[in-house]
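# Notes for the structure review
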There are 2 protein chains.
Amino acid sequence: MSDVSYVSAPPVGGRAREIVAAARELLEGEGPEAVSMRRIAERIGIKAPSLYKHFADKSAVESALVAQAMAELAEALEAAEAGSAGSAGSAGSAESAAGGSRLERITALMGAYRAYALAHPDLYRLMSGQPLDRAALPEGLEERAAAPLMRAVGGDHDAARAVWGFGHGMVALELAGRFPPGADLSGAWARGCGAFAG
Amino acid sequence: MSDVSYVSAPPVGGRAREIVAAARELLEGEGPEAVSMRRIAERIGIKAPSLYKHFADKSAVESALVAQAMAELAEALEAAEAGSAGSAGSAGSAESAAGGSRLERITALMGAYRAYALAHPDLYRLMSGQPLDRAALPEGLEERAAAPLMRAVGGDHDAARAVWGFGHGMVALELAGRFPPGADLSGAWARGCGAFAG
DNA sequence: GCAGAAGGCTAACATCGTTAGCCGCAGGCG
DNA sequence: CGCCTGCGGCTAACGATGTTAGCCTTCTGC
């Protein structure tokens, strides 16, 4: 039986790892058009059809990339959450148990979210631009990535979705170059974070 | 001289119009993968290479589509603005000259924005997912589309960008199927509009 | 009446994802 | 020891993509 069976689960095999690593290098180095089965194969010294011994098709490779990116983003958000918990918090106000004002926590999360997206623009677009293949994702990853924001808004689903929408929209528009060139966006980010913290 | 020169400006020629109409039908009827030069040509009874007598390349056709969609979206937003100006406004409060509370106006605009995107998902994705070819856009179209929101927030650039980011993000996530299936998003929209109106 | 442009056409190229089918080699087992 | 199975490579090929080169017809203006 070939690797293909466990492609839907996280691919840990050596060759499968090499393949997603090559795909990522191409994506981040030369953009999405460079990610072709032939280029991936060439990069690891095999021919394109052999890739199908490890992944069912190109979209399965992309799904593995998405899973990788989501795990990294989750880590970044968790780090930001930890950093904002005990920061220079205004003393005395009745914050939630984790410490740090709601504004500080949301601002920290949005900052980390934006930073990750700007550091990996093509990966972020791949991750967020298409319907998520949830079957190809490690169990619980999606919830793990969402959890820090969920905690920051006190478990309010509507608020979490609104903040996520805001953050994703700002990042997507920025990555697509839709804001006026050279525009200073920090004001808009601050306005958004402030609005949702109130 | 061929049509190609005025492709960067709005294509009004009969054949050019037919081409973008065919492209739109394919896009909205069968999705983005169906929009190929051969399929477009077939639909109007010519062969693919002849398209290049009217448009420089495929991206020029897409730019024309984007311009069309932006004009429609601008109209929809203007209509929503007019509708919210004289609605059941709470009497007496010191609103801006146009009438209607800030919350009502933002809610109306976001509602129209979302409605357009949901009615034309592939067109919306095409319009918002890639860097805008501003040279291919009719003069002032971009500003016209942005103006209603700009007025609703009293000319505050940061607020306008934040609200736009929110609206675009919510719509993009919804179109990509990223929210839990069957989730009721009206609460999140209300939360966002409320946050930015306060 | 003729020149030139407008707007068709066919043939072709490189590239894409993907499939079919073949082969060498390693490991388990009789 | 020898066989057999299957993993993981390979070549050849198919259909589709965007795009170019080059040709030909038709219409218009002088």
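Reading the values: rules and limits
- Residues numbered from 1 in each chain as written.
- Chains lettered and ligands numbered in written order.
- Predicted model: local features only at pLDDT ≥ 70, side-chain atom pairs only at ≥ 80, totals over all residues.
- Heavy atoms only, no water.
- Helix = DSSP H or I, 4+ residues; strand = E, 2+ residues; numbered from the N terminus.
- Buried < 20%, exposed > 50% of the residue type's maximum accessible area, 1.4 Å probe, protein only.
- Contact = heavy atoms within 4.5 Å.
- Areas by Shrake-Rupley, 256 points an atom, 1.4 Å probe, with all protein chains shown as cover.
- Buried area = accessible area lost by both parts, 1.4 Å probe.
- Salt bridge = Lys/Arg side-chain N within 4 Å of Asp/Glu carboxyl O.
- Least-squares fit on C-alpha atoms with pLDDT ≥ 70 in both.
- pLDDT = per-residue confidence, 0-100.
- Core = buried A, V, L, I, M, F, W, Y, C linked by side-chain atoms within 4.5 Å.
- 1 Å grid on protein atoms, 1.4 Å probe; cavity = no way out; pocket = protein on both sides within 12 Å on 5 of 7 lines; lining within 4 Å.
- Points joined across faces, edges and corners; volume = space filled by probe spheres on them.
- Nonpolar A, V, L, I, M, F, W, Y, C, P; charged D, E, K, R; others polar.
- Phe/Tyr/Trp six-rings, centres within 6.5 Å; stacked < 30°, edge-to-face > 60°.

## A word on the overall build of chain A
- A tally of regular secondary structure across chain A gives eight helices and zero strands.
- Counting over 198 residues, chain A shows a buried share of 46%.
- A separation of at least 24 residues holds for 67% of the contacts in chain A among residues at least 6 apart in sequence.
- Roughly 9200 Å² of accessible area belongs to chain A as shown, and the carbon and sulfur atoms make up 57% of that amount.

## Examining the interface of chain A and chain B
- Taken together, the contact pairs 35 residues of chain A with 36 residues of chain B.
- For the pairing of chain A and chain B, the buried interface totals around 2900 Å² over both sides, and the portion due to carbon and sulfur atoms is 60%.
- The largest share of the area that chain A buries against chain B comes from R161, R178 and R191 of chain A, three residues that together contribute 25% of it.
- Where chain A meets chain B, there are two salt bridges.

## Points about the relation of the copies chain A and chain B
- For the pair chain A and chain B, the best superposition has an RMSD of 0.1 Å and corresponds to a rotation of 180° with a translation of 0.0 Å parallel to the axis. The transformation relating the two chain copies, once decomposed into turn and shift, fits a two-fold axis.
- An overlap of 100% is found between the interface residues of chain A and their copies at the interface of chain B, pointing to a shared contact surface.

## Focus: the confidence of the model for chain A
- For chain A, the mean per-residue pLDDT works out to 90, and 86% of the residues sit at or above 70.
- Overall, residues 1-11 of chain A carries pLDDT values under 50, and its contacts beyond four positions in sequence, including any with other chains, amount to 21 contacts.

## Considerations on the pattern of salt bridges
- By the definition in use, this model includes 24 salt bridges over all chains.
- Residue R24 of chain A is joined to E28 of chain A by a salt bridge in which the shortest nitrogen-to-oxygen separation is 2.7 Å. One end of the pair is R24 of chain A and the other is E28 of chain A, both in helix α1 (residues 14-30) and four residues apart, which spans about a single turn.
- Two residues, R125 of chain B and D122 of chain B, come together in a salt bridge whose shortest N-O distance is 3.3 Å. Placement of the pair is R125 of chain B and D122 of chain B together in helix α5 (residues 121-128), with a separation of three residues, close to one helical turn.

## Considerations on the nonpolar core
- With 127 residues, the main nonpolar core has I40, F166 and F196 of chain A together with I40, I106, F166 and F196 of chain B as its most contacted residues.
- Residues within four places of F196 of chain B in sequence aside, it is in contact with F166, R191, G192, A195 and F196 of chain A together with R102, I106, A162, V163 and F166 of chain B.

## Overview of the layout of surface pockets
- Within this model, the largest pocket holds a volume of roughly 1500 Å³.
- Listing elements by their share of the lining of the largest pocket, those giving two or more residues are α1, α3 (58-85), α5 (121-129) and α7 (157-175) of chain A together with α3 (58-85), α5 and α7 (157-175) of chain B.
- Residues that form the lining of the largest pocket fall into these classes: 21 nonpolar, eight polar and ten charged.

## What to know about the environment of G192 of chain B
- With respect to the helices, strands and loops of the structure, G192 of chain B is situated in helix α8 (residues 186-197).
- On the accessibility criterion, G192 of chain B (0% relative accessible area) is buried.
- Discounting chain neighbours no more than four positions away, the residues touching G192 of chain B are A162 and F196 of chain A together with F166 of chain B.

## Some details on the environment of D158 of chain A
- By secondary structure assignment, the location of D158 of chain A is in helix α7.
- The class of D158 of chain A is partly exposed, set by a relative accessible area of 22%.
- Setting aside chain neighbours within four positions, we find D158 of chain A in contact with D184, G187, A188 and R191 of chain B.

## Here we look at the packing of aromatic side chains
- For the structure shown, the criterion picks out eleven aromatic pairs over all chains.
- Pairing Y113 of chain A with Y124 of chain A gives two aromatic rings, centres 5.7 Å apart and planes at 85°, and the pair type is edge-to-face. Residue Y113 of chain A is found in helix α4 (residues 102-119), and its partner Y124 of chain A is found in helix α5; the two are separated by eleven residues along the sequence. By the burial criterion, Y113 of chain A is buried, and Y124 of chain A matches it.
- On the numbers, 5.3 Å between centres and 80° between planes, the contact of F196 of chain A with F196 of chain B is edge-to-face. In this pair, F196 of chain A is assigned in helix α8 (residues 186-197) and F196 of chain B in helix α8, connecting two distinct chains.
- Joined through ring pairs, the aromatic side chains of F166, W189 and F196 of chain A together with F166, W189 and F196 of chain B make up one cluster.

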